[in-house]
Amino acid sequence: FRSLFAPLPVLQRNEERWFWFFIAPFLVGFLLFALLPLIASLALSFMDWNLRGTPKIVGLENYADLVNLEGKGRLVLKAFSNTVMITVIAVPLQLAIGMAFAVLLNQRVRGMAIYRMAFYLPTVVSGVATAALWTWILGTEGLLNKGLALIGVDGPAWFNEPESVRWGIVFMLVWAGTGGMTLIFLAGLQGIDRTVLEAAKVDGAGPIASLLRVRLPLLSPTIFFSVVVAAISSLQTFDSVYILTKNGGPQDATRTIVIHVYDLGFHRFEFGASSAAALLLLVLTLGVTLAQFALQRRY
């Protein structure tokens, strides 16, 4: 900003003007659709409002309801535990499978571009299409249960029973997110200096030792980035889960924090409580991210 008022050469001044011209659409969009809604949500979290009438200031009442385990807090705790459970299981699986696929796709094989495209394809599928696909696979009469019936096994109603629905969601999230992890890890593997790998080979390192003692340590920045991105994405899971389970059912077994925010705001019209729950998600996401930044010094 100081350069706007400082005497600059004509060429540099023109570059500054073009910079602000091209970045203006993003700044306007960020202001209207990110910053102002965030401020409005913060203000609404201290109010009681159902879209009709004048908002009523209630102070910290909405936040007190979030931690009142004898009232509304029980549902918040359920949503919190479901979100954490799905994240803790899905994210490590995405990272491990993504790394394995990246190692396989890093080989020099004829037609590898086709294989890479096939592995990445699930990532670009929309949440609605993903939900429809997995309903066809894990439905009560789905493809998986029909296959199990051929060997005399009665498969569960994956998305209709509290005991199995979470695993169905985890399978879906791993399928949808592994392609992105694979692409990131593949880019990291291809960015490793070949001379380092050749030196390790000369020193007697086999394929396993080279992977564990050379490639993985050099991939630690990539792994850190992938963990942060995957965790944030998992904490914000909404569309496919909402479609599959009809607002977090059965028996709230898949009610995540985002689904709880949506339910409070657009089903119950409790926009103050919904905004407070949304800020809880913000604090949770920020805490998880800061914890990862603190722990990354160790690995």
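Quick look at the structure, then. As the structure is a prediction and not an experimental result, all values here were calculated from the model.

**What to know about the packing of aromatic side chains**
Part 1 of the reasoning: Scanning the entire structure with this criterion turns up 16 aromatic pairs.
Part 2 of the reasoning: Measuring from centroid to centroid gives 5.3 Å for tyrosine 262 and phenylalanine 266, while their planes differ by 35°, and the two rings are tilted. With a gap of four residues between them, tyrosine 262 and phenylalanine 266 both fall in helix α13 (residues 257–266), about one helical turn apart.
Part 3 of the reasoning: In this structure tyrosine 262 comes out as partly exposed when scored by relative accessible area, which is 27%.
Part 4 of the reasoning: With a relative accessible area of 52%, phenylalanine 266 lands in the exposed category.
Part 5 of the reasoning: Centre to centre, the rings of phenylalanine 269 and phenylalanine 271 are 6.3 Å apart; their planes meet at 50°, and the pair counts as tilted.
Part 6 of the reasoning: By relative accessible area, which is 39% here, phenylalanine 269 ends up partly exposed.

**Description of the packing of helix α2 (residues 10–44) against helix α14 (residues 271–295)**
Part 1 of the reasoning: Relative orientation of the contacting elements α2 and α14 amounts to 120°, with a least axis distance of 8 Å. Relative to α14, the crossing made by α2 is left-handed. Note on element contacts: α14 touches α2 through Phe271, Gly272, Ser275, Ala278, Leu279 and Leu282, opposite Leu38, Ser41, Leu42 and Leu44.

Reading guide: rules and limits
- Residues numbered from 1 in each chain as written.
- Predicted model: local features only at pLDDT ≥ 70, side-chain atom pairs only at ≥ 80, totals over all residues.
- Heavy atoms only, no water.
- Phe/Tyr/Trp six-rings, centres within 6.5 Å; stacked < 30°, edge-to-face > 60°.
- Helix = DSSP H or I, 4+ residues; strand = E, 2+ residues; numbered from the N terminus.
- Buried < 20%, exposed > 50% of the residue type's maximum accessible area, 1.4 Å probe, protein only.
- Axes fitted to C-alpha atoms, helices over the stretch in contact; angles between N-to-C directions.
- Left-handed = near helix turned anticlockwise from the far one by under 90°.
- Contact = heavy atoms within 4.5 Å.

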